Amino acid sequence: SLHDRYGKPKPMPTLFDHYLLMKEHQDLQEVANVVRMFTRESRYKNQAIFDGQSTVNMWDAPIAAISIADLDPDIMKPLGLFVATKWIWERFAKRNRQKRKRIIIDEAQLLMQHHESAVWLENAYRQARKWNTSMCAVTQGFEVFLRVPEGMGVLKNAPTKLLLKQEPIDIES
């Protein structure tokens, strides 16, 4: 549980805590060295962004946004996308079935570039109604959704589609 028996939040283990435990076991040394790159012991401090307690409470906010735009594209952006989509789905969309929620994904065509994120978006569109969550994918690259099966799955599961001014390549699609 995330709370103690009195309802107060309890501190969760950090990545550094896991790293220290792994370091104690000889057979985990190789994995510990990989995990170390993402802890405060890393020489790349921008890779340690997930090694710590959360500093924000988003539960009472009327609106929240998660941006991965400034993360380095090779290592941290894929990790940030995984963490963000996992949190959005497990801790927001699936929470409190009675409360109506909306997930808006800007530049949604970017999720179609990687298989894992495309599958996540398609599954979110398939399951959102079950959790009283509406989905809105905003894109300036409609044609990208037609290139991959998951994009077609998103389109088939979107009950409403609104197309505004499109580029010539997208108009034909």
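Predicted model only: the values in this text are computed from it and were never measured.

Caption draft 1: Just the packing of helix α4 (residues 115-127) against helix α6 (residues 149-157), in detail. Remark: α4 packs on α6, axes separated minimally by 9 Å, with the N-to-C direction vectors making an angle of 20 degrees. Classified by the angle their axes make, α4 and α6 are roughly parallel. The crossing of α4 and α6 is left-handed. When α4 is examined against α6, the residues His115, Ala118, Val119, Leu121, Glu122, Tyr125 and Arg126 are found in contact with a partner set consisting of Pro149, Glu150, Gly153, Val154 and Asn157. Residues of the contact of α4 with α6, tallied by class, amount to 6 nonpolar, 3 polar and 3 charged.

Caption draft 2: Region of interest: the pattern of salt bridges. Applying the stated criterion across every chain yields a total of 5 salt bridges. For Arg126, the salt bridge is made with Glu122, and the minimal N-O distance between the two is 2.3 Å. Pair noted here: Arg126 and Glu122 are both in helix α4, with a separation of 4 residues, about one helical turn. By relative accessible area, Arg126 is classed as partly exposed at 44%. With a relative accessible area of 11%, Glu122 lands in the buried category. Salt-bridge contacts for Glu143 lead to Arg147; the nearest nitrogen and oxygen are separated by 2.8 Å. Of the two residues, Glu143 and Arg147 are both situated in helix α5 (residues 142-147); the distance of 4 residues between them amounts to about one turn of the helix. For Arg147, a relative accessible area of 56% corresponds to the exposed category.

Definitions and limits used
- Residues numbered from 1 in each chain as written.
- Predicted model: local features only at pLDDT ≥ 70, side-chain atom pairs only at ≥ 80, totals over all residues.
- Heavy atoms only, no water.
- Axes fitted to C-alpha atoms, helices over the stretch in contact; angles between N-to-C directions.
- Helix = DSSP H or I, 4+ residues; strand = E, 2+ residues; numbered from the N terminus.
- Parallel < 35°, antiparallel > 145°, perpendicular 65-115°, else oblique.
- Left-handed = near helix turned anticlockwise from the far one by under 90°.
- Contact = heavy atoms within 4.5 Å.
- Nonpolar A, V, L, I, M, F, W, Y, C, P; charged D, E, K, R; others polar.
- Salt bridge = Lys/Arg side-chain N within 4 Å of Asp/Glu carboxyl O.
- Buried < 20%, exposed > 50% of the residue type's maximum accessible area, 1.4 Å probe, protein only.

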